[in-house]
Amino acid sequence: MTTYNQDLQGDKKLGFVLYLVGELVMFATLFATFFIFVQDAIDPTPTEVFEARTVIISSVFLLSSSGTIHFAEKAAEIQNRKGIAIWLAATVLLGLAFMGVEIHEFRTYYHEGFTLTQNIFLSSFYILVGLHAAHVLFGIGWMLLLAIQLNSIPSSIYGDKQKIFSYYWHFVDVIWIFIIVFVYAPYLI
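Residues numbered from 1 in each chain as written. Predicted model: local features only at pLDDT ≥ 70, side-chain atom pairs only at ≥ 80, totals over all residues. Heavy atoms only, no water.

(A) Structural view of the overall build of the chain. Looking only at helices and strands, the chain features six helices and zero strands. Beginning at the N terminus, the succession of helices and strands in the chain can be written as α-α-α-α-α-α. C-alpha atoms of the chain, sized along the principal axes, occupy 60 × 30 × 25 Å. A total of 189 residues make up the chain; the buried ones form 42% of that total. Contacts in the chain between residues at least 24 apart in sequence constitute 81% of all its contacts with a sequence separation of at least 6. Roughly 9800 Å² of accessible area belongs to the chain as shown, and the carbon and sulfur atoms make up 70% of that amount. A gap of 16 Å separates the mean positions of the 9 positive and 14 negative side-chain charges of the chain. (Helix = DSSP H or I, 4+ residues; strand = E, 2+ residues; numbered from the N terminus. Buried < 20%, exposed > 50% of the residue type's maximum accessible area, 1.4 Å probe, protein only. Contact = heavy atoms within 4.5 Å. Areas by Shrake-Rupley, 256 points an atom, 1.4 Å probe, with all protein chains shown as cover. Lys, Arg positive; Asp, Glu negative; His and termini not counted. Charge placed at Lys NZ, Arg CZ, Asp CG, Glu CD.)

(B) Here's a closer look at the packing of helix H3 (residues 52-77) against helix H6 (residues 155-188). At a minimum axis separation of 10 Å, H3 and H6 run at an interaxial angle of 160 degrees. Classed by the angle they form, the pair H3 and H6 counts as roughly antiparallel. Two packed elements cross with a definite hand, and for H3 against H6 that hand is left-handed. Looking at side-chain class alone, the contact of H3 with H6 contains 15 nonpolar, eight polar and four charged residues. (Axes fitted to C-alpha atoms, helices over the stretch in contact; angles between N-to-C directions. Parallel < 35°, antiparallel > 145°, perpendicular 65-115°, else oblique. Left-handed = near helix turned anticlockwise from the far one by under 90°. Nonpolar A, V, L, I, M, F, W, Y, C, P; charged D, E, K, R; others polar.)

(C) Up close: the packing of aromatic side chains. Counting across every chain of the model gives 28 aromatic pairs. Here the aromatic rings of Phe34 and Phe121 are separated by 6.0 Å at their centres, their planes lie at 55 degrees, and the arrangement is tilted. With a gap of 87 residues between them, Phe34 in helix H1 (residues 3-38) and Phe121 in helix H5 (residues 120-149) connect regions that are remote in the sequence. Just as Phe34 is buried, Phe121 falls in that class too. (Phe/Tyr/Trp six-rings, centres within 6.5 Å; stacked < 30°, edge-to-face > 60°.)

(D) Inspection of a nonpolar patch on the surface at higher detail. Side chains of Phe35, Leu63, Val174, Ile177, Phe178, Val181 and Phe182 sit close together on the surface and give an oily, nonpolar patch of about 550 Å² of accessible area. Along the chain, Phe178 falls in helix H6. Of the residues examined, Phe178 reaches a relative accessible area of 40% and is grouped as partly exposed. (Patch = residues over 30% accessible without salt bridge, like charges linked within 9 Å, V, L, I, M, F, W, Y side chains within 5 Å. Salt bridge = Lys/Arg side-chain N within 4 Å of Asp/Glu carboxyl O.)

(E) The arrangement of the packing of H1 against H5 in detail. Where H1 contacts H5, the axes come no closer than 7 Å and their chain directions differ by 155 degrees. One finds that H1 runs roughly antiparallel with respect to H5. The two elements H1 and H5 meet at a crossing, and its hand is left-handed. Taking contact as the criterion, the partners of Phe16, Glu23, Met26, Phe27, Leu30, Phe31, Thr33, Phe34, Phe37 and Val38 in H1 are, on H5, Ile120, Phe121, Ser124, Phe125, Ile127, Leu128, Leu131, His132, His135 and Trp142.

(F) A look at the side chain of Ser58. As for its placement among the helices and strands, Ser58 is situated in helix H3. We classify Ser58 as buried; its relative accessible area is 0%. For Ser58, the contacting residues outside a window of four places in its chain are Phe98, Val101, Glu102 and Trp176.

(G) Region of interest: the environment of Lys163. Along the chain, Lys163 falls in helix H6. Judged by its relative accessible area of 21%, Lys163 falls in the partly exposed class.

(H) Focus on unusual backbone geometry. Omega for the peptide link from Asp43 to Pro44 comes to 5 degrees, which places this bond in the cis form. Along the polypeptide, Pro44 turns up in the loop between H1 and helix H2 (46-49). Positive phi, normally seen in glycine, also occurs at Asp43, with a value near 45 degrees. Relative to the helices and strands, Asp43 resides in the loop between H1 and H2. A relative accessible area of 60% means that Asp43 is categorised as exposed. A positive phi angle, close to 55 degrees, is found at Gln79, a residue other than glycine. Considering the arrangement of structural elements, one finds Gln79 in the loop between H3 and helix H4 (81-111).

None of this, on its own, says anything about what the molecule does.
Following this line, the structure appears as structure tokens:
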């Protein structure tokens with residue numbers, strides 16, 4: 001790889017890290033909003049709304065996908081295209097399973113009468129968790145694009161794309177851990 005290409009890849013990684021910092025600020029704002037409005041939540045309270053089973057199942061799917069994307073990244077480092085395809089497919093399936101559980105959770109809450117406009121606690125909850133789900137959905141689309149590009153671009157360029165995507169996917173997983181710890185857990189334990 002030439003010095004120009006190395007500089008270009010370095011710039012892309014730096015640009016993406018700066019993008020993630022912007023995302024972090026956005027999620028921090030939504031967490032702060034949730035913390036402010038959950039304190040005075042009545043009719044319903046978080047304890048009346050949240051269900052541990054769906055949080056546990058969705059967490060198993062999403063956090064497992066962090067392991068499979070790590071294996072895809074390791075396969076990319078040794079230019080093992082079959083390994084990349086297998087681990088990328090596993091990550092897509094786990095992401096889709098997470099989305100299925102999230103859609104079921106939101107649908108259940110809606111049918112129980114816990115709607116977006118019922119109170120400000122629910123509004124801040126749906127926006128925070130819904131935005132996270134939108135990031136997972138975007139990541140699934142990104143993985144499908146990576147799968148399409150797997151055999152059509154040089155391995156060195158693909159490896160950099162895979163690494164940048166891994167940063168994104170791990171970021172989404174870390175945000176989910178914060179959601180578990182600070183949004184769900186205080187009202188489920």
